[in-house]
Amino acid sequence: ARAVVSRRASPDAEVAIDHAGALGLLPGLAVAASVGLLLIALADTAARESRDWAAGLFWIGLLTLVVPISARLLGAAAGRVERLGLVTLLGIGLYGVKVLHSPQGFTFFDEFLHWATLDDIVESGRLFTPNNVLPASPFYPGLEIVTSPLVSFGLPAWEAAMIVLAMARLLFVVSLFLFYERAGGSARLAGVATVVYMANPSFLTFDAQFAYESLALPMAVMVLWCVARREDGPRAARIPLTVTLFIGLVAVITTHHVTAIAMSGFLVVWAGVCFVIRRRGAAGTTGATGRRDAAGTTGVTGPALLATTATVGWILYVASVTVGYLGPAFGGALAQVVELIAGEASGRELFRTASGIPAPAWEQVFGYGSVLVVLVALPFGAWFAWRRHAADPLAMTLVLAALLYPASLVARLTQSGAELSARSAEFIFLGIGFVAAHAALVGVHLAARRSHSVRAAAVALPTLAAILFVGGAILGVPFWARLPGAYLVSADTRSVEPQSITAATWAAQHVGPDARFVADRVNRVLLKTYGDQHPLSAVGDRIDVKEVFFSTVLGGPEQRLLEAARVRYVLADHRLTTALPTVGVYVERGEVRERPHVEPLDPAALDKWDEDPRVDRVFDSGDVRIHDVARLTGAGP
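Here's what I pulled together on the structure shown here. Source: prediction; values computed, not measured. (Residues numbered from 1 in each chain as written. Predicted model: local features only at pLDDT ≥ 70, side-chain atom pairs only at ≥ 80, totals over all residues. Heavy atoms only, no water.)

Before going further, it helps to spend a moment on the overall build of the chain. Secondary structure assignment for the chain yields 25 helices and 5 strands. Residue pairs in contact within the chain that sit at least 24 positions apart in sequence constitute 74% of those at least 6 positions apart. Element-wise, carbon and sulfur atoms account for 63% of the exposed surface of the chain, whose accessible area totals about 26300 Å². (Helix = DSSP H or I, 4+ residues; strand = E, 2+ residues; numbered from the N terminus. Contact = heavy atoms within 4.5 Å. Areas by Shrake-Rupley, 256 points an atom, 1.4 Å probe, with all protein chains shown as cover.)

Spelled out as structure tokens, the structure:
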């Protein structure tokens, strides 16, 4: 074991010649990646036509994109330039998977929330304009600030967003590779670690959508690389690195709250590890990587203090709404985890939609399999990393980050903690990529020392990479949302379709801006963006209209609530009565208190608008109807 983790047995020990500057197999693998994307595009088209074989073709395309690049990066022959090119190719290719899913416009739920903030900035020319469907968004406008000039120049919001997100993804993968290279002292390890990171459940879709984390996370990784590189580079490079570091900190803190908190936390732990290692007498030593370790520097403490102070200050003095937004989520998740551990509550059922539909059995196997691969790699990789980088605070901080993974799995077993656990993967995998890469490359090295094991390793390791990617995609995107397809009730991307968009655009043309609407959760965001209306939201308006929505009669209490909320229009989507809500709710969180919906919405809840003589139907597409309730509520135009 000592030989394996020593410098002589480092992950780059097999490289016999210098390949720097050589493209190697990059052109050929680019062709393979293009074939994979072509298959995924065909799968998306087939899914829109409800072809049964679409899902199978999607997975073939994804594996065609991922496996050849992963196998090449695991090998010893590629040079640094080729490895950097390969991770860039894979990162942009995986971004293409999301674009091909929705090539003509926004369809993911969070995208509409940020599109509303973008529209407000472009139209008003001001920041911090209230956004009632996501109150925190205006106070973290970094993504919208970057996108708005392109819209002002004439690009549609969708095209402008795709350009910005492509640039963010490019920055992400390059910064991540360089960061891992600095932490591990090896381009080969950096390439493998970056691929492992890309297998995290959030990378394929969640961090490719038009939402604040998609820009903040690349900026945060760039900041971490600047902090690490500033101490290793020549003095002449410190000033530009410091300027870049400062700009990056400002960008992250003003773009996304959770990313800013995670980045600050990482820097604080990194500074703490520096202090511990220095106290143990390891400062300024030369580690197994052959370079001076950073334990003796003070270059981490300053950024850590600056990031923490600025993040807390921004939340308290500018974005105080964030406390009320994040506090209940963290508090509820923690409480449910404690109850689960104490045996006072039962865990939620995994791989099942809120409406009770289970995921296919094979998807459950791959989902559990990807978790098992990480859990097995975690102790071995952490030990190998410790043996090789024990005196390097950055490497040890990454190991500590990886060790948070089991705790995140426990949170996934609770109702409130499940979303929090899913949203933590992109941060925890920063450590898992580093640790798992050590386990993988030590495995390759051990196989190389036993000639009869080389062929087995050449098959086993890419297979494990395939399990990680397929399992990550399964865990990150539910089976019903992975491909486009026919309309589903309250299913976010699968509920964004022509009838609802037509109703929203009709409202923009015939109602006038900012009319107060009552609508279900999906039509609410469409009315906000396509319709330029003010659909009421409990979280943003502090007005709870759920009882009016679900009531089967239009009596005195309902009328008084509508009057108090100054409601002018009601959008009734009668398709909601045909099935249970896929995401668990029809209108918004809180409508289900003791148990999930067990039967579809009562048709009488929507028919009541047609039956009241004081209500006028002003739009009807068949399923979607808009009712004018001005005579009922006294609301003006």
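All told, the structure shown has 17 salt bridges when counted by the stated rule. Residue Glu497 is joined to Arg575 by a salt bridge in which the shortest nitrogen-to-oxygen separation is 3.0 Å. Residue Glu497 is found in the loop between helix 18 (451-476) and helix 19 (498-510), and its partner Arg575 is found in the loop between strand 3 (569-573) and helix 24 (604-611); the two are separated by 78 residues along the sequence. Each of the two residues, Glu497 as well as Arg575, counts as buried. (Salt bridge = Lys/Arg side-chain N within 4 Å of Asp/Glu carboxyl O. Buried < 20%, exposed > 50% of the residue type's maximum accessible area, 1.4 Å probe, protein only.)

Compared with an ideal rise of 1.5 Å per residue, which puts 13 residues at 18 Å, helix 19 spans 18 Å between its outermost C-alpha atoms and is within 8% of the ideal. Those residues of helix 19 lying buried are Ser500, Ala503, Ala504, Trp506 and Ala507. Buried residues in helix 19, looked at end-on, bunch into an arc of 155°, giving them a common side. Helix 19 presents Pro498 and Gln509 as exposed residues on the side facing more than 90 degrees away from its buried surface. If you check the start of helix 19, you find a side-chain oxygen 2.9 Å away from the backbone N of Gln499, and it comes from Glu497. (Expected span 1.5 Å × (residues − 1). Arc of directions from axis to C-beta. Polar contact = N/O pair within 3.5 Å; in protein donor to acceptor, adjacent residues only side chain to side chain.)

Our next topic: the nonpolar core. Counting 153 residues, the largest nonpolar core has Leu90, Leu94 and Trp270 as its most contacted members. In terms of residue count, the dominant contributor to this core is helix 7 (residues 157-184) (17 residues). Not counting the four nearest positions on each side in its chain, Trp270 is found in contact with Leu224, Val227, Ala228, Val300, Pro393, Leu394 and Thr397. If you look at the next biggest cluster of nonpolar residues, it comprises 23 residues, including Leu576, Val587, Trp609 and Val615. (Core = buried A, V, L, I, M, F, W, Y, C linked by side-chain atoms within 4.5 Å.)

Take the side chain of Arg575 next. With a relative accessible area of 9%, Arg575 lands in the buried category. Polar contacts involving the side chain of Arg575 include one to the side chain of Ser500, which spans 3.1 Å. Leaving out residues up to four positions away in the same chain, Arg575 has contacts with Tyr487, Val489, Glu497, Gln499, Ser500, Asp623 and Val624.

Put simply, helix 4 (residues 80-101) and helix 8 (residues 187-198) touch, their axes get as near as 9 Å, and they point 10° apart. Classified by the angle their axes make, helix 4 and helix 8 are roughly parallel. For the pair formed by helix 4 and helix 8, the contact residues are Arg80, Arg83, Val87, Leu90, Gly91 and Leu94 on the first element and Ala187, Arg188, Gly191, Thr194, Val195 and Met198 on the second. For the contact of helix 4 with helix 8, the class distribution of residues is 6 nonpolar, 3 polar and 3 charged. (Axes fitted to C-alpha atoms, helices over the stretch in contact; angles between N-to-C directions. Parallel < 35°, antiparallel > 145°, perpendicular 65-115°, else oblique. Nonpolar A, V, L, I, M, F, W, Y, C, P; charged D, E, K, R; others polar.)

Attention shifts here to the pairing of strand 5 (residues 624-628). Taken across its 5 residues, strand 5 has 5 buried, putting it largely inside the fold. Across the two faces of strand 5 the burial is the same, with Val624, Ile626 and Asp628 and Arg625 and His627 all buried. Two elements, strand 3 and strand 5, share 5 bridges in a ladder whose sense is antiparallel. Among the inter-strand pairings, Asp573 is bridged to a residue of strand 5, identified as Val624. The sheet contact formed by strand 4 (residues 616-620) and strand 5 spans 4 bridges and is antiparallel. Bridge pairing links Phe619 to Ile626 in strand 5. (Pairing = 2+ DSSP bridges.)

Any link to function would need more than the numbers given here.
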